[in-house]
Structures are given as C-alpha cells and as structure tokens.
Amino acid sequence: MAKRGGFLAGALIGGTAAAVVALLLAPKSGKELREDLAEKTDEWLDLASDYTDDFVSKTGEMGSIVKDRASDLGDQASDLASSVKGKVSDSMDDMDDITSDTLEDLKRQSSDLSDRFRKAAGDARDVAEDASEDIVIDAKETKEEAKATVAEGADDLADKANEINEEKPAFEEVKEELKEEVEKNNPE
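Now for a description of the structure that goes with this document. Fair warning: this is a prediction, and the values are worked out from it, not measured in the lab.

Rules behind the numbers
- Residues numbered from 1 in each chain as written.
- Predicted model: local features only at pLDDT ≥ 70, side-chain atom pairs only at ≥ 80, totals over all residues.
- Heavy atoms only, no water.
- Core = buried A, V, L, I, M, F, W, Y, C linked by side-chain atoms within 4.5 Å.
- Buried < 20%, exposed > 50% of the residue type's maximum accessible area, 1.4 Å probe, protein only.
- Helix = DSSP H or I, 4+ residues; strand = E, 2+ residues; numbered from the N terminus.
- Contact = heavy atoms within 4.5 Å.
- 1 Å grid on protein atoms, 1.4 Å probe; cavity = no way out; pocket = protein on both sides within 12 Å on 5 of 7 lines; lining within 4 Å.
- Points joined across faces, edges and corners; volume = space filled by probe spheres on them.
- Nonpolar A, V, L, I, M, F, W, Y, C, P; charged D, E, K, R; others polar.

Some points on the nonpolar core
Val 20, Leu 33, Leu 37, Leu 157 and Ala 161 together form the largest nonpolar core, which totals five residues. Elements represented by at least two residues in this core include exactly α2 (30–94) and α3 (100–167). When near neighbours in sequence (up to four residues on either side) are disregarded, Leu 157 contacts Thr 16, Val 20, Leu 37 and Thr 41.

Below, the structure written as structure tokens:
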C-alpha cells in the first residue's frame, strides 16, 4: 500500500512539475499563462480527487469482502459444529449398549469440539474486522496525504505565477522600445 501511495504522490508531483515547466516555457502573455495555470490546477485537482475517490471505494469494497468472508467462515464453522453435534446425537441413539461413562466422554468431546470451532470462528471474525478497519484507516490517511500534496502543488503554482507577474516588464517601456525599433527600420 505504501508503494502505491508513494507512486501516486510521485505521479502527481511529477505531472504537476511537468505542466508548470511546460506552461512557464510557453510564449504566452501573463493573462493567458495565468488562465492556463488555473486550468491545469483544476485538472490536477480533479484528477487527484478521482484517484482518491477510487482508492477509497476500492478499499471499502475490500473491507466488505473481508467481512463477508469472515462471516461465511463463521457460518461454516457453526454449521460444522451443528453437524458434528447432530451426528453425535444420532450415534448416541443408535448405541444403547454403550456404558454411561463412554457416553459422557463423547458428550464432553463434542462440546469441546464445538467450543473450539466457535472460538476459531470468533478469532477469524476478529482478525477480519481488524484488517478491514486498518484498510479504511490507511485509505483515509492516503486520501489526506493526497489532498495535502495537491494543495502544496497548487500553492507552489500560485507562488510561481506571482513571481512571473512581478518580473514582467512595464508595458509602456516595451511599447516605446518597439516604436523606436519600427522607426529605425522604416526611416521614411
């Protein structure tokens, strides 16, 4: 699970970094760049949300399957115990000539066996419930980590956009330079 969470975080960070670099190196105006940055941020947030929702859904399904299997195992153990008790009871009816000591011994062994099956079924159910709770906790933690990573990436994008806005030259200066360059190239 940790490998998948690490991969997901790496994919999100790598994808975000690649998108930022591509946008920053594109020859666009500040407004277009900000629009592209906002659009890409929304896309990544949607993608991270989709991955998080899918992960939570899958772990919920796994927890449900584990609980169902544990319940089935408990039911099978109970059925087996009932079957054993039934067979012992039938055998007791067929064996009228067995002494009372032997009969008591069989009852005790049957009871011990039933208790063992019940205990084994209870232990299996407890293990399955603990495992499903751990899966849900891990899913929630991974979801929170993904949200934090996406938020951090969005903050970094916003900071970079602010830096770009602060570094752009004044429009009037560029206009004057262009005007001078046109006059120089067209001496008419």
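Don't stop here, the text continues.
A word on empty space enclosed by the protein
Taken as a whole, this structure holds one cavity of 30 Å³ or more when the rule is applied. A volume near 30 Å³ is recorded for the largest cavity. Contributing to the lining of the largest cavity are Leu 8, Tyr 51, Thr 52, Phe 55, Ala 139, Thr 142, Lys 143 and Ala 146. If you list the elements that add at least two residues to the lining of the largest cavity, you get α2 and α3. The element contributing the most residues to the lining of the largest cavity is α3, with four residues. Here the residues of the lining of the largest cavity sort into five nonpolar, two polar and one charged.

Observations concerning the layout of surface pockets
Considering only enclosed or pocket space, the second largest pocket measures out at about 230 Å³ in volume. In terms of lining residues, the second largest pocket is bounded by 15 residues, among which Thr 16, Thr 149, Glu 152, Gly 153 and Ala 154 are the most central. Contributions of two or more residues to the lining of the second largest pocket are made by α1 (2–25), α2 and α3. The dominant element in the lining of the second largest pocket, judged by the number of residues it contributes, is α3, at seven residues. Taken together, the residues of the lining of the second largest pocket break down into nine nonpolar, four polar and two charged.

Keep in mind these values describe shape, not function.
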